[in-house]
2 protein chains.
Amino acid sequence: MSEPSEDIMEATFRALCEHGYAALTMRDIAAEADRSKASLHYHYESKQGLMLAFLDHLFEHFTDRVGSFDPAGDPDAQLRAFVDEILHPPGEDTTREFRTALLEIKAQAPYDEAFRERLTAFDEHIRENVRAAVAAGVDRGVYRDDADPDAVARFVLTLADGAQSRHVVAGADPDDAMAVFESYVESRLLADREVSA
Amino acid sequence: MSEPSEDIMEATFRALCEHGYAALTMRDIAAEADRSKASLHYHYESKQGLMLAFLDHLFEHFTDRVGSFDPAGDPDAQLRAFVDEILHPPGEDTTREFRTALLEIKAQAPYDEAFRERLTAFDEHIRENVRAAVAAGVDRGVYRDDADPDAVARFVLTLADGAQSRHVVAGADPDDAMAVFESYVESRLLADREVSA
C-alpha cells in the first residue's frame, strides 16, 4: 500500500465535502492539493486507489479519536463516551457535507470488495469495543446478567448508521440518537435501573 | 406532474437494481422498458424528472403497504405492525440492490430540493402515524404517561435508516432492528412493563 501523504488526504477531504463522491475527479483533488494531476497520479493510480488510501487514513483517525476499551476503567462510563464519540463526529462546519459523501461511498460497498473491507474495519472496531465494555459491565455486576454484548453492538452499529443518514437527509441532531442510547443503557443494561441525573 | 406509466416505473425499478443510481442512464431505463430513448424522453424530460416521478410512485406504494393509524384499532398492535412493515420492505430478491440505489438517492438529498421534498414525504408519513399510535396508546393507558410521541417517531426514523444502511453495507438482517424496537416498546413504552411471550 502506498504511503498517503497528509496534504493529499486533507485535499481529498475538502474535495469530497465540495463535490461529493460520485462527481469527484482526480482533477478536483489535484486542484484542492495545489498539485498537478500528473503528480497526484504518481502517488495514486486511480480515484479508487486514492479513496482506499483515504478510507485507511480515516480509519486511523477514527480509532485514535474514539479510543479502545480499557479493562482497568469504568465499563459503563467508557461505553457511553465511546458511543457519544461515534455519534458526534468532529468538524461541525463540514460534517453534513462529509457524511453525505460517506453515504455515497457506503452505497458503493455492495459493488466493491475493497471498499467493503475498509468499511467493515470501522464496524469491527465498534463491535469489539462495545462487546468488551458490555461484557466487563456484566462481569462487574454494573449491567444485567442477561445483557447480550453482541446485541448491544448490533444496536450501536444500527443507531450510528441511522444517525448518520438522518443527519444527511433531514439535518437531524446527533444528540437525539445519543438520548436514545442513554435511555437504552438505563432501561436495558443497568443492573439496578438507576436513572442518572 | 406527468402521469407515470406503470411499465416505465417497473423498468426504472429494475434498472436501479441493476445499475445503481449514479451510473443509471435514460438509455438503461429505455432498454429495460423495451422502449426507444425518444419515447422515454417524450414522457420524462430528464433522468431527474423520471426519478422524481419514480419517488412519487414509490411513496404511493409505500403508504398503501404500511397503511395509516386507525383510531378504532389497538394502538400497540398497530405501532408494532407499522414499524415491522417499515423495517421489512417487500421483494426479498432485489431488496439489497434496491436499498443500495435508495442510499445513493438519499446522498443526493442535500444537493437537490425536489429529492429532499420526496424523501421528506416518507418521513412525514412515518412520523405522523407513529405519533398518532403512541398518543392513542398513552390516552388509553397502554403506554406510560411520559411516553413522548415525537421522541418515539425520531427513534423509528433513525432505526429505519440505520437498518437500511446496515443491510446495504453489511447485509444485516432487518429482524435485528425489529428486535430492538420490540425491546424498546417493552422497556420504554408499555405502562405495565409486560414482556410479551
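Preceding this section is the structure that the text describes.
So, a few notes on the structure that sits alongside this text. Just so it is clear, the structure is predicted and the values come from calculations on it, not from any experiment. Each chain carries its own residue numbering, running from 1 in the written order of its sequence. A letter from A marks each chain and a number from 1 marks each ligand, given out in the order of writing. Where totals are concerned, whole chains, interfaces and linings use all residues; where local detail is concerned, this predicted model gives features only for residues with pLDDT of at least 70, and gives and counts side-chain atom pairs only at 80 or more. Think of the side-chain values as coming from all heavy atoms in the structure, minus any hydrogens and water.

## Regarding the interface of chain B and chain A
Any two residues having at least one pair of non-hydrogen atoms within 4.5 Å are treated as being in contact. Each partner contributes residues to the interface: chain B has 35 residues there, and chain A has 34 residues. The quantity reported as buried area is the accessible area (1.4 Å probe) lost by two parts once they are put together, taken as the sum for both. Buried surface at the junction of chain B and chain A, both sides included, amounts to about 2,900 Å², of which 61% is carbon and sulfur. Among the residues of chain B in contact with chain A, Thr158, Arg166 and Val169 of chain B are the three that bury the most area, contributing 20% of the side total. Every case where a carboxyl oxygen of Asp or Glu lies within 4 Å of a side-chain nitrogen of Lys or Arg is listed as a salt bridge. Taking the shortest distance from any N to any O, the salt bridge between Asp176 of chain B and Arg154 of chain A comes out at 3.2 Å.

## What to know about the pattern of salt bridges
Pairs may arise between side chains of opposite charge once their charged atoms sit close together. Enumeration over the complete set of coordinates arrives at 28 salt bridges over all chains. Taking the shortest distance from any N to any O, the salt bridge between Glu186 of chain B and Arg80 of chain B comes out at 3.2 Å. With Glu186 of chain B in helix H9 (residues 174–189) and Arg80 of chain B in helix H5 (residues 75–87), this residue pair connects regions lying 106 residues apart in the sequence. The same class applies to Glu186 of chain B as to Arg80 of chain B, namely buried. Residue Arg127 of chain B is joined to Glu124 of chain B by a salt bridge in which the shortest nitrogen-to-oxygen separation is 3.2 Å. With Arg127 of chain B and Glu124 of chain B both in helix H7 (residues 113–139), this residue pair falls three residues apart, about one helical turn. A single network of salt bridges, built from pairs that share partners, joins Asp76, Arg80, Glu182 and Glu186 of chain A. Comment: elements are numbered from the N terminus, with helices defined as DSSP H or I runs of at least four residues and strands as E runs of at least two. For every residue, the accessible area obtained with a 1.4 Å probe (protein chains only) is divided by the maximum for its type, and the residue is called buried under 20%, exposed over 50%, and partly exposed between those limits.

## Notes on the packing of aromatic side chains
Aromatic rings from Phe, Tyr and Trp, taking only the six-membered ring of Trp, are treated as a pair when their centres fall within 6.5 Å; an angle between ring planes under 30 degrees marks them as stacked, one over 60 as edge-to-face, and anything in between as tilted. Under the counting rule described, the total for this entry stands at 17 aromatic pairs over all chains. The interplanar angle of 65° and the centroid separation of 6.1 Å between the aromatic rings of Tyr21 of chain A and Phe115 of chain A together place this pair among those described as edge-to-face. Of this pair, Tyr21 of chain A sits in the loop between helix H1 (6–19) and helix H2 (26–33) while Phe115 of chain A sits in helix H7 (residues 113–139), and the two are 94 residues apart along the sequence. The pair formed by Tyr21 of chain A and Phe115 of chain A is uniform in burial state, with each residue classed as buried. Seen in terms of ring centroids, Phe59 of chain B and Phe122 of chain B are 5.3 Å apart; in terms of plane orientation they differ by 80°. Their pairing is edge-to-face. Note that Phe59 of chain B is positioned in helix H4 (residues 47–66) and Phe122 of chain B in helix H7, a separation of 63 residues in sequence. Under the relative-accessibility criterion, Phe122 of chain B is labelled buried at 16%. Sitting over a ring, as applied to charges here, requires NZ of Lys or CZ of Arg to be within 6 Å of the ring centre and within 35 degrees of the ring normal. Lying over the aromatic face of Tyr21 of chain A, Lys47 of chain A brings its terminal NZ or CZ to 4.3 Å of the ring centre.

## Re the relation of the copies chain B and chain A
Overlaid copies result from least-squares superposition on C-alpha atoms, with residues included only where pLDDT is at least 70 in both. Between chain B and chain A, the superposition needs a rotation of 180° and an axial shift of 0.0 Å, giving an RMSD of 0.0 Å. The relationship between the two copies is best expressed as a two-fold rotation axis. Of every C-alpha in chain B, the one belonging to Gly162 of chain B sits nearest the axis of rotation, 1.7 Å from it. A share of 97% of interface residues in chain B that are also interface residues in chain A marks the association as one of identical surfaces.

## Notes on H2 of chain A
Residues and elements named next belong to chain A. Looking at H2, one finds that the buried residues are Met26, Asp28, Ile29, Ala30 and Ala33. Looking at the buried positions of H2, the neighbouring elements they touch are H1, helix H3 (37–43) and helix H4 (47–66). A positive backbone phi angle near 60° is found at Asp34, which sits one or two residues after H2.

## As for the environment of Leu189 of chain A
Residue and element names in this part refer to chain A. Tracing the backbone shows Leu189 in helix H9 (residues 174–189). Separated by 47 residues in the primary sequence, Leu189 and Val142 have C-alpha atoms spaced 8.2 Å apart. If we skip the residues at most four places from it in the chain, Leu189 touches Leu79, Val142, Tyr143, Arg144, Ala147, Val152 and Tyr184.

## Let's talk about the nonpolar core
Counting residues in each nonpolar core, the largest one holds 115 residues, and the members touching the most others are Phe181 of chain A together with Phe181 of chain B. Beyond its immediate chain neighbours, meaning those up to four positions away, Phe181 of chain B contacts Leu79, Arg80, Val83, Phe155, Val156 and Leu159 of chain B. Grouped together as the second largest cluster of nonpolar side chains are twelve residues, Ala109 of chain A together with Leu103, Ala107 and Ala109 of chain B included. Buried Ala, Val, Leu, Ile, Met, Phe, Trp, Tyr and Cys residues form a nonpolar core when they are joined through side-chain atoms within 4.5 Å.

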